[in-house]
Amino acid sequence: MGSLGVDFVPPNEEMEMEFDSSAFPPFKLSEIRAAIPKHCWVKNPWKSLSYVLRDIVIVVALIAMAIFLDSWKVWPIYWVLQGTMFWAIFVLGHDCGHGSFSDSALLNSVVGHFLHSSILVPYHGWRISHKTHHQNHGNVEADESWVPMPEKLYKELDFAAKLFRFKIPFPLVAYPLYLIRRSPGKRGSHFNPYSDLFQPHERKLVVTSTLCWTLMVAFLFYLCAVIGSLQLLKLYGVPSMIFVMWLDFVTYLHHHGHEQKLPWYRGKEWSYLRGGLTTVDRDYGIFNNIHHDIGTHVIHHLFPQIPHYHLVEATKAAKPVFGEYYREPKKSGAIPFHLVGNLVKSMKKDHYVSDNGEIVYYQTDPKLFNFSEKKDE
């Protein structure tokens, strides 16, 4: 002990205390809200519509380019670009679902139906389940999207189900199946108004969205008769698959794959704030602006009513309040190749959580894919 009564730790015995992300935060949701500038809460419908116009112009231009050039050297480039734009369109429809697009419920519904139906997403069916996800984020028992499976449920799955859930590339094409039958352990469909997902007063909304989705499918059948199945596959089918891969890739990494194990909660340990703090911001390089800063996800999860064009500023303002509870995203190059590694590592390690305890972490099934867990050095 030093002369002032303070323990002295020699440099060669320096100890580093690891931050416990499950510790109850020393700040309140209201403190984060107060730190965010007032103008960040303002929704400008004209600005929101300008992003819709921008994305539609790009989509149409890409279609025109692909048809005009009609070369197998060009088609793969078109598929990646157009699939990315379908994902950008989904994000704008997602903003409509949150009400961050505008203060007009009618405008949000009209634009949301137009955007989401065009990429075969049932707007209200998805909107309602996504609202459930936000209201219960980080809750093992009540969350809706990419929820950890309790150990008992995991062990009841057959190998095919585990393969589809954890073996890349299958998880990257899971979204259409999720819309039809949700995740393991959950029942219902985003198309069925009598699904467990919906309350009785929401059924008419779900019927409307399912009808819009059906009209889009009918339109695609009409296009198939006019331009042929191969041309439709090239113009719309393959980009749709790229869009689904984007969606599954991004939404998974918003809640998984961080370098530090993040907690999940159940029972009395869960709160809206603690659950929201388990979400993860990501840097997607050149795609940040293209997909409307959806990677700026922590503030979005806590305050989904903030328009996407204010998320970066709002996050910057809130960081001093978050302190160590905010995990700075790893800086990306132009293309976020590093995130592929995060995805692969998480799929290999994050399989289930314990059936017991109110603060739980992902555990690894060492028998799955002959993977044996190694301690990080």
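Here goes a summary of the coordinates provided. These numbers were taken from a predicted model, which means no experiment stands behind them.

About the thresholds
Residues numbered from 1 in each chain as written. Predicted model: local features only at pLDDT ≥ 70, side-chain atom pairs only at ≥ 80, totals over all residues. Heavy atoms only, no water. Salt bridge = Lys/Arg side-chain N within 4 Å of Asp/Glu carboxyl O. Helix = DSSP H or I, 4+ residues; strand = E, 2+ residues; numbered from the N terminus. Buried < 20%, exposed > 50% of the residue type's maximum accessible area, 1.4 Å probe, protein only. Contact = heavy atoms within 4.5 Å. Disulfide = S-S within 2.5 Å. Phe/Tyr/Trp six-rings, centres within 6.5 Å; stacked < 30°, edge-to-face > 60°. Lys NZ or Arg CZ within 6 Å of the ring centre and 35° of its normal.

A word on the pattern of salt bridges
Item 1. In the structure shown here, the tally under the stated rule is 10 salt bridges.
Item 2. Between Asp350 and Lys261 there is a salt bridge, with the nearest N and O atoms lying 2.9 Å from each other. Here Lys261 lies in the loop between helix H10 (229-253) and strand S1 (264-265) and Asp350 lies in the loop between helix H15 (338-349) and strand S2 (359-360), a separation of 89 residues in the sequence.
Item 3. Asp350 sits in the buried class, given a relative accessible area of 9%.

Observations regarding the side chain of His256
Item 1. Inspection of the secondary structure assignment puts His256 in the loop between H10 and S1.
Item 2. Beyond its immediate chain neighbours, meaning those up to four positions away, His256 contacts Trp146, Trp264, Arg282, Ser346 and Tyr362.

Digging into the state of the cysteines
Note: disulfide means a covalent bond formed between the sulfur atoms of two cysteine side chains.
Item 1. With the rule as written, the count across this model stands at 0 disulfides.
Item 2. The cysteine Cys40 is free of any disulfide, with Cys96 supplying the nearest cysteine sulfur at 20 Å.
Item 3. Note on Cys40: relative accessible area 0%, which makes it buried.

A short note on the packing of aromatic side chains
Item 1. If you walk through the whole model with that rule in mind, you get 23 aromatic pairs.
Item 2. The interplanar angle of 10° and the centroid separation of 6.1 Å between the aromatic rings of Tyr51 and Tyr309 together place this pair among those described as stacked. In this pair, Tyr51 sits in helix H2 (residues 45-69) while Tyr309 sits in the loop between helix H13 (297-302) and helix H14 (311-322), placing the two residues 258 residues apart along the sequence. Taken individually, Tyr51 and Tyr309 each receive the classification buried, so the pair is uniform in this respect.
Item 3. Where Trp146 meets Tyr252, the ring centres are 5.0 Å apart and the plane angle is 85°; that geometry is what we call edge-to-face. Within this pair, whereas Trp146 is found in the loop between helix H5 (123-135) and helix H6 (151-156), its partner Tyr252 is found in helix H10, the two being separated by 106 residues in sequence. The two residues Trp146 and Tyr252 agree in class, both being buried.
Item 4. An aromatic cluster of at least three residues, connected via ring pairs, comprises Trp87, Phe90, Trp126, Tyr175, Tyr178 and Phe243.
Item 5. Stacked on the ring of Tyr154, the Lys or Arg Lys162 has its end atom at 4.4 Å from the ring centre.

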